[in-house]
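Remarks on the overall topology
For reference, the chains in residue letters:
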Amino acid sequence: MKKDVQTQLEVLLRKAVHVIHQEELAERLREGRPLRVKFGADPSAPDLHLGHVVVLDKLRQFQEFGHTVVFLIGDFTARIGDPTGRSETRKPLSPEEVEANAATYREQVFRILDPERTEVCFNRTWMEAMTAEELLRLCGQYTVARILERDDFSQRYREGRPIYLHEFLYPLLQAYDSVAVRADVEVGGTDQRFNLLVGREIQKAYGQRPQIVLTLPLLEGTDGVQKMSKSLGNAIGITEPPDEMFGKVMSISDALMWRYYELLTDEDVPKLRERVDAGALHPMEAKKELAWKLVRRFWGSEAAEGARKRFEDHFQRGRIPEEHIVVRHVEAGRWQEISLPHELVSAGLVASTSEAKRLIRQGAVRVEGTPHQDLVVRPGEGRHSVVVEVGKRRVLRLEKTPS
């Protein structure tokens, strides 16, 4: 579906945080050829979650305008170990782990992207063929001073934390991926801005036109604090069963609900907020509508209706007898990270900490209707109560004590 340049720009730049540079993007759109839009996926975890959807939806928009998405799986760099963006190096993966995760990515990504307009490639294709001379030539295109401008590197350097040489190479290798696939545009989260800009410089060094950089917001996880991540235990996977997906969406705070609406739907959010603020729509109903929309997208209308009904039956129609609910008050200072075994023992729902840990690890404990296998509960900002269930008859409601 080809559209005029202005229409494409209006859609493609919607929700974007950075675009470097808009005039360059307009120029390439005016050329009338399909652009090559790169997205790099690190196969460090096997499942896609709603945080990935923010970027994948943008890629799908490019495809709807006739452009080609280059879905690049960083299997070579995942085997080496790359900077996490935090304060340490991510551990390298075995070839078997990389291949298993990459296979899952390939299967899941086409729930959003158009297979006919997607090229899936692996950077081992050119990285394994790179000679030592070619690697040194690549390293000669960028300075250590420029690499140290990256926030996590500069922080670790100031604090005396170790930075290994292969970590310095990672942005260069990711940049070389753009050379290898001849990217016109690279799309990523705001945390990738530095690496994407390195890609522009390396492409110029190799005689290519520099890619346009387009970054999108990072979606906070269910804790409302850190970005959504499987490793942090705050993710909502796109293949999670409908009931779990629905329950996890319902567990987010009212404040975070608007962020999910803005980044994951095409809803007129200001108008919806006006209705809630005016009392015409209860926040709980707005959140159920959000959960319904997200479950419907990945599982269909019938599954979404079923998940909604089961949630309402369980939590809103008195199916949890009040006499079985134990209430525990949690001080504001402990609210962000609540020890689940401690609360279960203190409430008398289990006999010992070891029993609590065993039940949690077995998936017998549910938080807000969703199996919870973390020993810590992180309610997030905006939530003042959390329902914890042990089996079918033991229920604990944690309530935040006003500070």
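Right above here is the structure, for reference.
Model, not experiment: these values are computed from the prediction.

The subject of this paragraph is helix H15 (residues 283-299). Because an α-helix packs 3.6 residues into every turn, residues spaced three or four apart end up facing the same way. Between its terminal C-alpha atoms H15 stretches 24 Å, which fits the 24 Å expected from 17 residues at 1.5 Å a residue. Considered for burial, the residues of H15 that qualify are Ala286, Lys287, Lys288, Leu290, Ala291, Trp292, Leu294, Val295 and Phe298. Phi for Gly300, located one or two positions after H15, is positive at around 95°.

To continue, consider the nonpolar core. Of all hydrophobic cores here, the largest spans 65 residues; its most connected members are Leu50, Leu56, Leu59, Phe71, Val187 and Tyr260. Not counting residues up to four positions away in its chain, the partners in contact with Leu56 are Phe39, Leu48, Phe71, Val109, Ile112 and Leu113. Counting 22 residues, the second-largest nonpolar core is a separate cluster that includes Val70, Tyr142, Phe153 and Val181.

The next point concerns the packing of helix H10 (residues 165-181) against helix H11 (residues 193-205). In the contact formed by H10 and H11, the axes pass within 8 Å of each other and the chain directions differ by 55°. Here H10 lies oblique to H11, going by the angle between them. For H10 against H11, the interelement crossing comes out right-handed. Listed contacts from H11 to Tyr170, Pro171, Leu172, Gln174, Ala175, Tyr176, Ser178 and Val179 of H10 are Phe194, Asn195, Leu196, Val198, Gly199, Ile202 and Gln203. Grouping the constituent residues of the contact of H10 with H11 by class yields ten nonpolar, five polar and no charged.

On to the packing of helix H12 (residues 242-251) against H15. Direction vectors running N to C along H12 and H15 enclose 145°, while the axes themselves pass 9 Å from each other. In this structure, H12 meets H15 at a crossing whose hand is right-handed. Of the residues in H15, those touching H12 at Pro242, Met245, Phe246, Val249 and Met250 are Met284, Lys287, Lys288, Leu290, Ala291, Trp292, Leu294, Val295, Phe298 and Trp299. Residues that form the contact of H12 with H15 fall into these classes: 13 nonpolar, no polar and two charged.

Here we come to the environment of Arg296. Along the chain, Arg296 turns up in helix H15. Distance in space between the C-alpha atoms of Arg296 and Leu375 is 31 Å, their sequence separation being 79 residues. Setting aside its immediate chain neighbours within four residues, Arg296 contacts Ser301 and Ala304.

Before going further, it helps to spend a moment on the sheet that holds strand E6 (residues 212-216). In space, the six strands of this open sheet follow the order E1-E6-E5-E2-E3-E4, with mixed pairing throughout. Among the strands making up the open sheet, the edge pair consists of strand E1 (18-20) and strand E4 (118-122). Averaged over all adjacent pairs, the angle separating strand axes in this sheet is 20°, with direction ignored. Relative to E4, strand E3 (residues 68-73) is paired through five bridges, and the arrangement is parallel. Bridge pairing in E4 places Ile73 opposite Phe122. Each of strand E2 (36-41), E3, E4, strand E5 (185-189) and E6 is contacted by helix H3 (residues 50-64), which is oriented at about 155° to E5, the strand it contacts most. Against the sheet, H11 engages E1, E5 and E6, with an angle of about 170° to E6.

This next bit is on the packing of aromatic side chains. This structure, assessed with the given rule, holds six aromatic pairs. Relative to Tyr206, the ring of Tyr176 lies with its centre 5.5 Å away and its plane at 75°, an arrangement referred to as edge-to-face. Of this pair, Tyr176 sits in helix H10 while Tyr206 sits in the loop between H11 and E6, and the two are 30 residues apart along the sequence. One Lys or Arg, Arg111, reaches over the ring of Trp299 and ends 5.4 Å from the middle of that ring. The aromatic ring of Phe122 is capped on one face by Arg124, whose charged end is 4.8 Å from the ring centroid.

With respect to the element layout, Thr7 can be found in helix H1 (residues 5-12). Given a relative accessible area of 26%, Thr7 falls into the partly exposed group. Residues Thr7 and Thr104 lie 97 residues apart in sequence; the distance between their C-alpha atoms is 34 Å.

Turning next to the pattern of salt bridges. Taken as a whole and judged by the stated rule, the model has 33 salt bridges. Here Arg259 makes a salt bridge to Glu220, at a shortest N to O gap of 3.0 Å. Remark: Glu220 occurs in the loop between E6 and H12 and Arg259 occurs in helix H13 (residues 254-264); sequence separation between them is 39 residues. What makes Arg259 partly exposed here is its relative accessible area of 26%. A salt bridge links Glu399 to Arg397, with the shortest nitrogen-to-oxygen separation between them at 2.9 Å. By relative accessible area, Glu399 is classed as partly exposed at 21%. For Arg397, a relative accessible area of 22% puts it in the partly exposed group. Connected through shared salt-bridge partners, Glu27, Arg28, Glu31, Arg33, Asp184 and Arg209 make up one network.

How each quantity is defined
- For every chain, the first residue of the written sequence is number 1, and numbering continues from 1 onward in sequence order.
- pLDDT decides what is reported in this predicted model: residues at 70 or higher carry local features, side-chain atom pairs at 80 or more are listed and counted, and totals for whole chains, interfaces and linings draw on all residues regardless.
- To get the side-chain values, all heavy atoms of the structure are used, and hydrogens and water are removed first.
- Comment: elements are numbered from the N terminus, with helices defined as DSSP H or I runs of at least four residues and strands as E runs of at least two.
- To estimate how far a helix should extend, the number of its residues minus one is multiplied by 1.5 Å.
- Categorising residues by exposure relies on relative accessible area from a 1.4 Å probe, with only protein chains included: less than 20% of the type maximum marks a residue as buried, more than 50% marks it as exposed, and the intermediate range marks it as partly exposed.
- By convention a nonpolar core is built from buried Ala, Val, Leu, Ile, Met, Phe, Trp, Tyr and Cys residues, the set being connected through side-chain atoms within 4.5 Å.
- In this description, contact between two residues means that some pair of their heavy atoms is separated by no more than 4.5 Å.
- In this analysis an axis means a line fitted to C-alpha atoms, helices contributing only their contacting stretch, and an angle means the value between N-to-C directions, from 0 to 180 degrees.
- In these notes the angle categories are as follows: under 35 degrees is roughly parallel, over 145 is roughly antiparallel, 65 to 115 is roughly perpendicular, and the rest is oblique.
- Two helices cross in a left-handed way if the nearer one is turned anticlockwise from the farther one by less than a right angle. They cross in a right-handed way if the turn is clockwise.
- Just so you know the grouping, Ala, Val, Leu, Ile, Met, Phe, Trp, Tyr, Cys and Pro go in nonpolar, Asp, Glu, Lys and Arg go in charged, and all remaining residues, Gly too, go in polar.
- At least two DSSP bridges between two strands are needed for those strands to be called paired.
- Two rings belonging to Phe, Tyr or Trp (six-membered ring only in the last case) form a pair when the distance between their centres is within 6.5 Å. Interplanar angles under 30 degrees mark stacking, angles over 60 mark edge-to-face geometry, and anything in between is tilted.
- As a reminder, the over-ring test applies to NZ of lysine and CZ of arginine, requiring each to be within 6 Å of the ring centre and within 35 degrees of the ring normal.
- Any carboxyl oxygen of Asp or Glu that lies within 4 Å of a side-chain nitrogen of Lys or Arg is treated as forming a salt bridge with it.

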